[in-house]
Amino acid sequence: MAAFSSNIESKVEALKEELRTDPNISRAKYYARVIPEKFPSATKQYFLNKLPIAQWLPRYSPSWLVSDFMGGLTIGVMLIPQGLSYAKIATIPIEHGLYSSWLPAAIAVFLGTSKDLSTGPTSLMGLLTSEIVADLKSEYSPTDIAAAVAFFVGIYGLVIGLLGLGFLLDYISIPILTGFISATALTIGFGQVGSLVGLDNTPSTVFSIIGDVLRRLPKWDGPTSGIGFGTIVILLLLEKVGKKWGKRHFVIQYISSSRAIIVLVIFTLISYLVNKDRDELLWAISKVDTNGIATPKSHDRTLLTKVAARAIAPFVAASLEHQAVARAFGRKNHYTVDQTQEFNYLGVTNLVNSFFGAMPVGGAMSRTAVNSECNVRSPLNGVVTAGFILLTIYVFSPALYWLPKSTLAAIIIMAVIHLFGPFILIYRYYRISIADYIAFNVAFFVTIFVGSEYGIASAAGWAVVWTLLRSAFTKAKISTNSGAGGRMNTSRPFTRAGAAETENVGITIPEDTVVVAFQDSVFYPNAQRTKTQILESIQLVYPSVQNPNYRADTARSWSVAGERRLERLRKERNVTLKDMPLSVVVWDFTMVPFIDVTGITALAELKDDIRRQLGNFVEIRMVNMAAGVVKRFERAKWQLADVDGSQNEGADIIYPSLERAVWDDREPLKEGLKGVVSEKS
């Protein structure tokens, strides 16, 4: 009875110790203690971070007003033709491009963390929206569809921002983004050729458009083509003048950056003078019709369910473009952009904007670059931009009724032509990384031939697959001394089983020692492959040893495939079995920040296999283990001991340096080798 009671007490004590040392319970206790203490100050800081104006406005200097006013006015002027053009791409009434432009600038004053970033309609958002509109326009109006897409772009932005999930977009690499944007630039540009030359019912795909437009060359409309190509010529001339003399004269730079509004005014005036007294118009006009800002209205629930999944691609594209532009100009002008807050800003902007019949919006490179050149000093420039857009909606919009569609098409073509990735950049991807080059091509060609949503999704899928493959096929570096005389001043490691090259740990290694340097986290994608590679590489060089701790009938397997593979590899690598058995295996964890259950299980199997096949006396020594990795081993009940601390029998020793792990206390090893019968002997 006493023994039973004692047994119960020991189990209770063991349970208490388990609960006391349980990391999850300890973590929960920590948060339960810390959260009440820090909640008030953390809440205050949280809301300050969500409202950046509270941080920069008290430091605002009146001397900045001139720069902010000029920058805001310039962006407002640019947004008029761009908003109209990108709404045309989205296949919604073009006045909704203006409705989409004023709120983003106003909200940026309060929520934005970039003084340069200009948020509004973009060509990329126009194209992605147009694809959704094309599929649903038989059931709903284009305006309602675009607004529903903007609503979900806003929802997704807020979810990502509030939960701090922005890292998910890191799977969209720069080559993928380049391929996607290059393909959309071609799609958008060629999609405007019909309007440029006065042709109706042109196809939707790039190569079909080229064939159709060339085949119908005799049917090109002369006046429409004249207006369109005239617009392109003036835009090109003003761009060249700005590049050549813009840095010397601010006025020239301003005229060049405002070239889109200049041609819009010129050709709208020409169109009005030519067509105002005609019953039949000489060319197609845009017929912009605004009656103030759109009245806010709620979204159709059925429509929302239909666009919820389709809005993911516009959100991903808007977020990537927005964040990339914000970071680029933050670096250029030496300030920090809060990526999480930019997601919140993008979310709020699209969410609120959607109730005003707006299309999805995001950051635009061209406008942001001009804003930076204007030397804006704070987000306050958004007040001027929003004010100018509202002034245009209420006062100037009647004049835009006469805007030629071919002029709008020319503005779009000249806006997107610079988005195509230069060939030297594409070649650089090829030279640097074939995987990135493949990612670029997947994004480019799938977008061109299938569609924008599939393009970015397939390229992102490739990126995830490639990342998993890289993790799964990571190989440890395995080094030993291949000299015949024992120690060498510089180790000459054996050739690895999976590669033709050799690896060198840079220190002298004894004849009976192997150093295994892991090159990445040891976790589920690569754990089993890593274990197999290490064991096979060691067996190539060291003879197997008869082990009395394992049953004799398991000493020789019925299958000889493994033995024959080792023999074949020895011949191919010109490797000769060593004369002495293996004594020490050093696991170098320098490059291992993380290990999971699968990884620890695989290493336990590796340890067992080494001792079963190469000798039960083989020591496993560990070096350079991160604290988190050590804790994972301890939670798995793996016996570990510090070389300078107390050591239990059977524990694997942790060393502070590789050299010490290789050479420390080798006398007991010699005793263990007495009477050993190896494969070679």
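Look above for the structure.
Quick look at the structure, then. It should be emphasised that the depicted structure is a prediction, and the values quoted were computed from it without experimental measurement. (Residues numbered from 1 in each chain as written. Predicted model: local features only at pLDDT ≥ 70, side-chain atom pairs only at ≥ 80, totals over all residues. Heavy atoms only, no water.)

**Considerations on the packing of aromatic side chains**
Two aromatic rings are characterised by how far apart their centres lie and by the angle between their planes.
Thought 1: Under the definition given, this model contains 28 aromatic pairs.
Thought 2: By the ring-pair criterion, three or more aromatic residues cluster together here, those being F207, F420, F423, Y429, F440, F444, F445 and F449. (Phe/Tyr/Trp six-rings, centres within 6.5 Å; stacked < 30°, edge-to-face > 60°.)

**As for the nonpolar core**
Thought 1: Ranked by size, the top nonpolar core spans 73 residues in total, and within it I80, L84, F180 and V307 carry the most contacts.
Thought 2: It is helix 8 (residues 142-163) that provides the largest number of residues to this core, a total of 9 residues.
Thought 3: Not counting chain neighbours up to four residues away, the residues in contact with I80 comprise L98, I261, F388, I389, T392 and L400.
Thought 4: In this structure, A476, V514, L582 and I600 belong to the second largest nonpolar core, which totals 39 residues. (Core = buried A, V, L, I, M, F, W, Y, C linked by side-chain atoms within 4.5 Å. Buried < 20%, exposed > 50% of the residue type's maximum accessible area, 1.4 Å probe, protein only. Helix = DSSP H or I, 4+ residues; strand = E, 2+ residues; numbered from the N terminus. Contact = heavy atoms within 4.5 Å.)

**Description of the side chain of T178**
Thought 1: Mapped onto the elements of the fold, T178 is located in helix 9 (residues 174-191).
Thought 2: In contact with T178, not counting residues within four places along its chain, are G421, L425, Y429 and F440.

**Some details on a nonpolar patch on the surface**
Thought 1: On the surface, Y46, F47, V159, L162 and L163 cluster together into a nonpolar patch covering about 510 Å² of accessible area.
Thought 2: Only helix 2 (23-50) and helix 8 provide two or more residues apiece to the nonpolar patch.
Thought 3: For the nonpolar patch, the element with the most residues is helix 8, which contributes 3 residues.
Thought 4: You can call F47 exposed: its relative accessible area is 55%. (Patch = residues over 30% accessible without salt bridge, like charges linked within 9 Å, V, L, I, M, F, W, Y side chains within 5 Å. Areas by Shrake-Rupley, 256 points an atom, 1.4 Å probe, with all protein chains shown as cover. Salt bridge = Lys/Arg side-chain N within 4 Å of Asp/Glu carboxyl O.)

**Quick notes on helix 22 (residues 434-449)**
Thought 1: In this model, helix 22 (16 residues) spans 22 Å end to end at C-alpha, consistent with the 22 Å of a helix rising 1.5 Å per residue.
Thought 2: Restricting attention to buried positions, one finds in helix 22 the residues A435, A439, F440, N441, A443, F444, T447 and I448.
Thought 3: On its buried face, helix 22 is in contact with helix 9, helix 11 (206-215), helix 21 (423-432) and helix 23 (452-472).
Thought 4: Once helix 22 finishes, G451 follows within two positions and takes phi at roughly 160°, a positive value. (Expected span 1.5 Å × (residues − 1).)

**Quick word on the pairing of strand 8 (residues 652-655)**
Residues in a regular strand project their side chains so that they alternate between the two faces of the sheet.
Thought 1: With burial as the criterion, each face of strand 8 is covered, one bearing D652 and I654 and the other bearing I653 and Y655.
Thought 2: Across 3 bridges, the pairing between strand 6 (residues 619-623) and strand 8 is parallel. Considered in strand 8, the bridge of R621 is made with I653. (Pairing = 2+ DSSP bridges.)

**Digging into the packing of helix 22 against helix 23**
Thought 1: Two elements in contact, helix 22 and helix 23, have axes whose closest approach is 7 Å; the angle formed by their N-to-C orientations is 160°. Compared by their axis directions, helix 22 and helix 23 come out roughly antiparallel. Relative to helix 23, helix 22 is oriented so that their crossing is right-handed. Together, A435, I438, A439, V442, A443, V446 and T447 of helix 22 and S452, Y454, G455, I456, S458, A459, W462 and W466 of helix 23 make up the contact between the two elements.
Thought 2: Class assignment of the residues belonging to the contact of helix 22 with helix 23 gives a composition of 11 nonpolar, 4 polar and no charged. (Axes fitted to C-alpha atoms, helices over the stretch in contact; angles between N-to-C directions. Parallel < 35°, antiparallel > 145°, perpendicular 65-115°, else oblique. Left-handed = near helix turned anticlockwise from the far one by under 90°. Nonpolar A, V, L, I, M, F, W, Y, C, P; charged D, E, K, R; others polar.)

**Brief notes about the pattern of salt bridges**
Thought 1: According to the stated counting rule, one finds 19 salt bridges in the structure shown.
Thought 2: Of the charged contacts in the structure, one is a salt bridge between E605 and K531, with a shortest N-O distance of 3.3 Å. Of this pair, E605 sits in helix 26 (residues 597-614) while K531 is found in helix 24 (residues 527-541), placing the two residues 74 residues apart along the sequence.
Thought 3: A relative accessible area of 32% places E605 in the partly exposed class.
Thought 4: For the salt bridge of R565 with E536, the shortest nitrogen-to-oxygen distance reads 2.5 Å. Within this pair, whereas R565 is found in helix 25 (residues 561-573), its partner E536 is found in helix 24, the two being separated by 29 residues in sequence.
Thought 5: R565 sits in the partly exposed class, given a relative accessible area of 34%.

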